[in-house]
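# Residue-level structural notes
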Amino acid sequence: QIQTEMVVILPEKLPENSKVKTLYLFHGLSDDCSIWTRKTSIERYAEDKQIAVIMPSVNLSFYTDTAYGHRYFTFVGDELPSVCRKFFPQLSDKREDNFVAGLSMGGYGALKVALTYPNRYCAAASLSGALDIASDIQRNMDIRPEWAFFFQQIYGDLRMVNHSKHDIQYLAK
């Protein structure tokens, strides 16, 4: 287990006993859960659209249950929605009311979660996401060979990433 944090935006004025739509919004490799509130107008947009926004921190995990034991994919895919609905009972659990999106590494994580659990999310968006993870890993290692250790810590045997639960194109099929 590890400690992590999240930023949660809830609309201020909700009709009594109503359920609110929820966007799970994932950060990129060089950021954390605070990036969206620091660099965008997400609070204003969420209030205007009457939507809750959940922004977790997952370190440099690629939203993956890592080879070294930390279960980030399990966290964002299973635990986070469940815990958030317990903390904030006004969040809807209906598929049509739940969305997931992310930037870069977070875009990869958003599509990975949505494609793994299509019955939970109405829509997903990847903003400049790492959509061909096997090629992205190889390209980064060609530029900086020290990245091999980084990616091995996340994925284990890098030859096994293609055509696996980590491969967005494979999941889409």
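These numbers were taken from a predicted model, which means no experiment stands behind them. (Residues numbered from 1 in each chain as written. Predicted model: local features only at pLDDT ≥ 70, side-chain atom pairs only at ≥ 80, totals over all residues. Heavy atoms only, no water.)

### Topic: the sheet that holds strand β3 (residues 51–56)
Paired through backbone hydrogen bonds, the strands of a sheet run either parallel or antiparallel to each other. Quick reminder of the rule: At least two DSSP bridges between two strands are required for those strands to pair. Helix and strand labels come from DSSP, where a helix needs a run of H or I of at least four residues and a strand needs a run of E of at least two; each type is numbered from the N terminus. Axes here refer to lines fitted to C-alpha atoms; in helices the fit is confined to the stretch in contact. Angles between the N-to-C directions go from 0 to 180 degrees. Note on contacts: a residue pair is in contact if any heavy atoms of the two residues lie within 4.5 Å.
The strand order β1-β3-β2-β4-β5 describes an open sheet built from five strands, whose pairing is mixed. The outermost strands of the open sheet, each flanked by one partner alone, are β1 (6–9) and β5 (123–127). Going from strand to strand, the sheet's axes swing by 15° on average, the running direction of each strand aside. Taken together, the four bridges between β1 and β3 define a ladder with antiparallel strand orientation. When the sheet's bridge partners are listed, Ile9 is paired in β3 with Val53. Sitting on the sheet, helix α2 (residues 42–49) touches β1, β2 (21–26) and β3, and the angle it makes with β3 is about 145°. Those strands touched by helix α3 (residues 72–87) are β1, β2, β3 and β4 (98–103), and its axis lies near 130° from that of β3.

### Structural notes on the side chain of Thr64
To be explicit about the condition: Exposed residues in this analysis have more than 50% of their type's maximum accessible area, buried residues have under 20%, and partly exposed residues fall in between, with area computed by a 1.4 Å probe over protein chains only.
By the element assignment, Thr64 lies in the loop between β3 and α3. Residue class for Thr64 comes out buried when judged on its relative accessible area of 0%. Ignoring anything within four residues of it in the chain, the contact list for Thr64 reads His70, Tyr72, Phe73, Tyr108, Lys112, Ile154, Tyr155 and His166.

### Some thoughts on helix α5 (residues 133–143)
How we decide: Here the arc refers to the directions that run from the helix axis out to each C-beta atom.
Among the residues making up α5, those that are buried are Ile133, Asp136, Ile137 and Met141. For α5, the arc enclosing every buried residue in end-on projection is 130°, short of the 170-degree limit, so these residues lie on one face. Set apart from the buried face of α5 by more than 90 degrees, the exposed residues are Asp142 and Ile143. Looking at the buried positions of α5, the neighbouring elements they touch are α4 (105–116) and α6 (147–155).

### So, the nonpolar core
Put simply, the test is: Take the buried Ala, Val, Leu, Ile, Met, Phe, Trp, Tyr and Cys residues and link them wherever side-chain atoms come within 4.5 Å; each set so joined is a nonpolar core.
Residues Phe26, Phe62, Ile133, Ile137, Phe151 and Tyr155 are the most contacted members of the largest nonpolar core, which totals 35 residues. For this core, the secondary structure elements donating two or more residues are β2, β3, α3, α4, α5 and α6. Once you skip the residues sitting within four places of it in the chain, Phe62 turns out to touch Leu29, Met105, Tyr108, Lys112, Ile133, Phe150, Phe151, Ile154 and Tyr155. Grouped together as the second largest cluster of nonpolar side chains are twelve residues, Leu23, Ile42, Ala46 and Val53 included.

### Description of the state of the cysteines
Note the following rule: Count a disulfide wherever a pair of cysteine sulfur atoms falls within 2.5 Å.
A complete count under the given rule lists zero disulfides for this structure. Free of any disulfide, Cys33 has its nearest neighbouring cysteine sulfur in Cys84, separated by 12 Å.

### Here's the deal with the packing of aromatic side chains
Let me state the cut-off plainly: When two rings of Phe, Tyr or Trp (its six-membered ring) have centres within 6.5 Å they constitute a pair, described as stacked for plane angles under 30 degrees, edge-to-face for angles over 60, and tilted for the intermediate range. Charge-over-ring contacts are defined here by two conditions on Lys NZ or Arg CZ: a distance within 6 Å of the ring centre and an angle within 35 degrees of the ring normal.
Scanning the entire structure with this criterion turns up eleven aromatic pairs. Look at Phe87 and Phe88: their rings are 6.3 Å apart centre to centre, the planes differ by 85°, and that puts the pair in the edge-to-face class. Chaining the aromatic ring pairs together yields one cluster made of Phe62, Tyr108, Trp147, Phe150, Phe151 and Tyr155. One cation-aromatic arrangement involves Arg120 over Tyr117; the distance from NZ or CZ to the ring centre is 3.8 Å.

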